[in-house]
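These are the residues of each chain, in order.
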Amino acid sequence: MTNTPAATPKSRIVVIIGLIAVAAFLLVWLDSSLPRPYPAAKAVQGSLDLTEWDFARQGVHPLDGEWEFYWNELLEPADFAGNAAPPAPGWIALPHSWNGSVADGRKIGGEGYATFRLRVRLPGTADSVGQLAVKMPLVFTSYKLWINGTLLAETGTVGTDRSSVTPAFQTKLVSFTPRPGDNEIVLQVANFHHLRGGVTKKLELGTLGEMSRKSDLKLGMELFLAGSLIIMGWYHLGLYSFRRKDRTPLYFGLLALDVGIRTLLVGETIWTKMFPHFPWEVALKMEYWTFYLGFPLFMMYVRHLYPDEMSKWFPRLSVWTGIAFSLVVLFTPGRIYTHTLLPYELISLVWMGAAAASFFLAWRNGRDGARIVTMTTLILYATVINDYLYYSERFTLLGSLSSHGLLLLFFANAYILSARFSRAFTAVEIMSGQLEETNRLLEDKVAERTASLAETNRKLTEAYNEIKNIEQSRRQMLANIVHDLRTPLASIQGYAEAVMDDLEPARCKEFLEMIFSKATDLNELVEQLFLLSQLENKAVLFDLRPVEFASWLAELCRPLETDVRNAGLDFALAVQAEDGTEVLADPAKVKQVLVNLVLNAVEHTPPGGAIRVECVRQGRELVVSVTDTGAGIEQDVLPLIFNRFFTTGKIRGKKSGLGLGLAICKEIVQAHGGRIWAQSQPGKGSTFCFSLPVHKTGVPETRVV
């Protein structure tokens, strides 16, 4: 289990309000249960003097103290009236079971029957006291009640043996009209079905209005407890039905239902009020089952709430122990399985200790909600121990409180589970938002990839067209090569045949010179093809070194200017780059590019035209341009002039070789990290440009490009 974020302020407010509500109900219940701050009288030898007690002002008075006790006697009021001589009474302090009391010189057990009698002396007259009522608690396990000689209440069937006794559990409010002076209470009790017998909880006397208020308040409190627990249980079972991966709501819901049902069976015995004829034995078994199965459910819940802090063995042992005790309850009668309560209470202390240790570890490890659940668990343990003492008749002041402690714990745990579900829903919302964002990003990515694929397709189309053009150029080049080779070869062949015909020496020399010229052209063609092949295969050795470009360009253009002017053309050189600007270049290769562009311009510019060479620095580049005033180039073929094997014969209206010169220039410029391009308008001349990156002065280097 990992740490989770802190709960939201809204959920904290909800749990605080719930805890305050439970605490308020608990305080109201305690207010109705605790004795008034007035000294209460105790019965002495079967007589209780309440002549000084003001029921209107001081409230309810308990009928505690020494009652007359007649063991194995079922006496009625008539047996104490007139000249009747009842047996000599014994004395028993109530509230307490008769287990362990001494009768006829021996200790008695839980089974048997007896008569209790108490005389209560009331103040003034009947009119001054008003209508009174006695609150009858659970009596083990059947009784009859007479007040002032009148049978007013009966629960179960009182008898002298197991076959004649019908056990029943039910609290009652018995009202009567008191008489001045002594008022007699006679109570017959019989038990043959339970471990304990007699009156284990206090009887109370008060005005009918006050007793009704207290009874209704206790009944309402227990209904609130039972209803809250049952609603919590069904709610969390519903949560588990929608998400079965986490079993924490399952065990929490079952535990809440278990405790809610138990609340209906104890205390005011709401179950028997709803179902008056419900079998007593089944109701008692249900009461024990809810107790014996409650701790295993609680341990399983703690195990799934904090799995890293609770060992799996404690929940498993608690489950097998609870099942074993439940089977004893199932297959044995009440007088037997009620003996198993004390051993199970002692075993349950072990489970309580293990759960408390897990809560403290969770608190120390910073688990969510561990602090509040630890504090409420300590309160629960205090109420459970109080109940152990209460049902064992060692401490009866506060009554049964475990349901209240459990409700506090359930509110705390409901808060934790609600916070978890809230965080889970928040996480789902966040993940949904992230998923939407991811979907949007994916859509954008798909659109981007689609655009990229479209661009790639466009480039592939362009590449295909370029390859197609190259293939056409290759075919044209082959045709041109065949043509250009055939003509000089035919000339060489003709001149050689003429020389072989014994021509005059002067004519022979002329033909030999022609043969040499044609052979030189063929050699130049072969060299260009070889150079272009090496450039394409990156096999040319470049001697790159820093070159101060302005002065180098000026020196290079001097012989070119002579060639241009000899062709009847004007020449101009313009350098717009500061002195000292260097490029990293192979001077011989760059010279070849510039010479090729200038001679190409001379070839395609008619006499009287002009050629201008210009060098301009543009950012991190030096741009060299060669501009002529020739015929220009059509726009549809302008992008193709640097393609390999592209001939320019049809561009300017004349035959011009194999189209290798510009392709070689492009390869050389790109090998220097530059670029080359052309601008032209038909009839207005052309401008061929290439750029070289500006380089800081450095050490010369040689590399194969």
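So, how was this worked out
Residues numbered from 1 in each chain as written. Predicted model: local features only at pLDDT ≥ 70, side-chain atom pairs only at ≥ 80, totals over all residues. Heavy atoms only, no water. Helix = DSSP H or I, 4+ residues; strand = E, 2+ residues; numbered from the N terminus. Buried < 20%, exposed > 50% of the residue type's maximum accessible area, 1.4 Å probe, protein only. Contact = heavy atoms within 4.5 Å. Areas by Shrake-Rupley, 256 points an atom, 1.4 Å probe, with all protein chains shown as cover. Patch = residues over 30% accessible without salt bridge, like charges linked within 9 Å, V, L, I, M, F, W, Y side chains within 5 Å. Salt bridge = Lys/Arg side-chain N within 4 Å of Asp/Glu carboxyl O. Lys, Arg positive; Asp, Glu negative; His and termini not counted. Charge placed at Lys NZ, Arg CZ, Asp CG, Glu CD. Axes fitted to C-alpha atoms, helices over the stretch in contact; angles between N-to-C directions. Parallel < 35°, antiparallel > 145°, perpendicular 65-115°, else oblique. Left-handed = near helix turned anticlockwise from the far one by under 90°. Nonpolar A, V, L, I, M, F, W, Y, C, P; charged D, E, K, R; others polar. Core = buried A, V, L, I, M, F, W, Y, C linked by side-chain atoms within 4.5 Å. Phe/Tyr/Trp six-rings, centres within 6.5 Å; stacked < 30°, edge-to-face > 60°. Pairing = 2+ DSSP bridges. Polar contact = N/O pair within 3.5 Å; in protein donor to acceptor, adjacent residues only side chain to side chain.

*Asks:* Quick question: what am I supposed to make of the overall build of the chain here?
*Replies:* The helix and strand inventory of the chain stands at 16 helices and 25 strands. Residue burial in the chain is summarised as follows: out of 705 residues, 46% are buried. Sequence separation of at least 24 residues holds for 75% of the intrachain contacts in the chain that already meet a minimum separation of 6. Accessible surface for the chain amounts to roughly 35200 Å². Of this, 60% is attributable to carbon and sulfur atoms.

*Asks:* What is the right way to look at a negative patch on the surface in this model?
*Replies:* A cluster of acidic side chains, namely Glu-73, Glu-76, Asp-79 and Asp-104, defines a negative patch on the protein surface. With respect to the secondary-structure elements, Asp-104 resides in the loop between β6 (102-103) and β7 (106-107).

*Asks:* It is not clear to me how the packing of helix α4 (residues 208-242) against helix α5 (residues 248-265) should be interpreted in this structure. Could you clarify?
*Replies:* The description of two helices packed together rests on the angle between their axes and the distance between the axes. Where α4 contacts α5, the axes come no closer than 7 Å and their chain directions differ by 155°. In terms of axis orientation, α4 runs roughly antiparallel to α5. Judged by the sense of rotation from one axis to the other, the crossing of α4 with α5 is left-handed. Across the interface between the two elements, Glu-222, Leu-225, Ala-226, Leu-229, Ile-230, Met-232, Gly-233, Trp-234, His-236, Leu-237, Leu-239 and Tyr-240 from α4 touch Pro-249, Leu-250, Phe-252, Gly-253, Leu-254, Ala-256, Leu-257, Val-259, Gly-260, Thr-263 and Leu-264 from α5. Tallied by class, the residues present in the contact of α4 with α5 amount to 17 nonpolar, five polar and one charged.

*Asks:* Is there a simple way to think about the nonpolar core in this case?
*Replies:* Proteins that are soluble and globular tend to have nonpolar side chains buried together. The biggest cluster of nonpolar side chains holds 48 residues, and the ones touching the most others in it are Phe-549, Leu-594, Val-598, Val-626, Ile-641, Phe-688 and Phe-690. For this core, the elements supplying multiple residues, two or more each, are α14 (549-566), β20 (582-585), α15 (587-603), β21 (610-618), β22 (621-628), α16 (661-671), β23 (675-680) and β24 (686-695). Sequence-distant contacts of Phe-690, defined by excluding residues within four places in its chain, comprise Val-590, Val-593, Leu-597, Leu-622, Val-623, Val-624, Val-669, Arg-675, Ile-676 and Trp-677. With 40 residues, the next largest nonpolar core counts Phe-252, Tyr-306, Val-373 and Val-384 among its residues.

*Asks:* Even after reading the chapter, I still don't get the packing of aromatic side chains, so can you show me in this structure?
*Replies:* Centre-to-centre distance and the angle between the planes together describe a pair of aromatic rings. Considering all chains together, one arrives at 25 aromatic pairs under this definition. Residues Phe-69 and Trp-71 carry aromatic rings whose centres are separated by 6.1 Å and whose planes lie at 35° to one another, so their mutual orientation is tilted. Considered together, Phe-69 and Trp-71 belong to a single accessibility category, that of buried residues. With 5.3 Å between their ring centres and 45° between their planes, Phe-69 and Phe-116 make a pair best called tilted.

*Asks:* How do you make sense of the sheet that holds strand β15 (residues 198-199) when you look at a structure like this?
*Replies:* Strand pairs in the sheet, formed through backbone hydrogen bonds, run parallel or antiparallel to each other. Spatial ordering of the open sheet is given by β5-β15-β10, a layout of three strands whose pairing is antiparallel. What marks the edges here is a single partner per strand, and that holds for β5 (96-97) and β10 (139-140). Two elements, β10 and β15, share two bridges in a ladder whose sense is antiparallel. In the sheet register, Val-139 faces β15, and the bridge partner there is Val-199.

*Asks:* Explain the pattern of salt bridges here, please?
*Replies:* Working definition: two side chains of opposite charge can pair if their charged atoms are close together. With the rule as written, the count across this model stands at 20 salt bridges. Notably, a salt bridge pairs Glu-68 with Arg-119, separated by 2.8 Å at the nearest N-O pair. With a gap of 51 residues between them, Glu-68 in strand β3 (residues 65-71) and Arg-119 in strand β8 (residues 112-122) connect regions that are remote in the sequence. Residue class for Arg-119 comes out partly exposed when judged on its relative accessible area of 26%.

*Asks:* So what exactly am I meant to see when it comes to the side chain of Lys-285 here?
*Replies:* With respect to the secondary-structure elements, Lys-285 resides in helix α7 (residues 280-305). Setting aside anything within four residues of it in sequence, one finds Lys-285 in contact with Val-329, Leu-330, Thr-332 and Tyr-337.

*Asks:* What exactly am I supposed to notice about a nonpolar patch on the surface here?
*Replies:* The grouping of Leu-293, Trp-320, Ile-323, Leu-327, Leu-330 and Phe-331 at the surface amounts to a nonpolar patch, some 640 Å² of accessible area in total. Broken down by element, the residue count for the nonpolar patch peaks at five residues, all from helix α8 (residues 313-331). Residue position: Phe-331 is located in helix α8.

*Asks:* Is there a simple way to think about the side chain of His-194 in this case?
*Replies:* Tracing the backbone through its elements, the reader meets His-194 in the loop between β14 (181-191) and β15. One polar contact links the side chain of His-194 to the main-chain amide nitrogen of Arg-196, over a distance of 3.1 Å. Filtering out sequence-adjacent residues up to four positions away, His-194 remains in contact with Phe-140, Thr-141, Trp-280, Leu-284, Tyr-288, Gly-334, Arg-335 and Thr-338.

*Asks:* What is the right way to look at the sheet that holds strand β13 (residues 172-176) in this model?
*Replies:* Strand order in the open sheet formed by four strands is β2-β16-β9-β13, with antiparallel pairing between adjacent strands. Each edge of the open sheet is held by one strand with a lone partner, namely β2 (61-62) and β13. Across the sheet, α4 lies against β9 (132-136), β13 and β16 (204-207), angled at about 120° from β16, the strand it touches most.

*Asks:* How should I be thinking about the pairing of strand β11 (residues 142-147) in this particular structure?
*Replies:* The side chains of a regular strand alternate, residue by residue, between the two faces of the sheet. A large share of β11 lies buried, amounting to five of its six residues. Taken together, the six bridges between β11 and β14 define a ladder with antiparallel strand orientation. Bridging across to β14, Lys-144 finds its partner in Gln-188. With five bridges connecting them, β11 and strand β12 (residues 150-155) associate as antiparallel partners. Opposite Trp-146, over in β12, you have Leu-151 as the bridge partner.

*Asks:* How should I be thinking about unusual backbone geometry in this particular structure?
*Replies:* Across residues other than glycine, the phi torsion is negative in most instances, and most of the peptide bonds are trans. With omega at 5°, the peptide bond leading from Leu-94 into Pro-95 counts as cis. In this fold, Pro-95 is placed in the loop between β4 (90-94) and β5. At the junction of Phe-140 and Thr-141, the peptide bond is cis and its omega measures out at -5° in the coordinates. Non-glycine residue Gln-45 carries a positive phi angle of around 50°. Assignment of secondary structure puts Gln-45 in the loop between α1 (9-33) and β1 (47-49). On the basis of relative accessible area, Gln-45 is assigned to the partly exposed category, the value being 45%. At Asn-148, a residue that is not glycine, the phi angle is positive and equals roughly 55°. Looking at where Asn-148 falls in the secondary structure, it is placed in the loop between β11 and β12.

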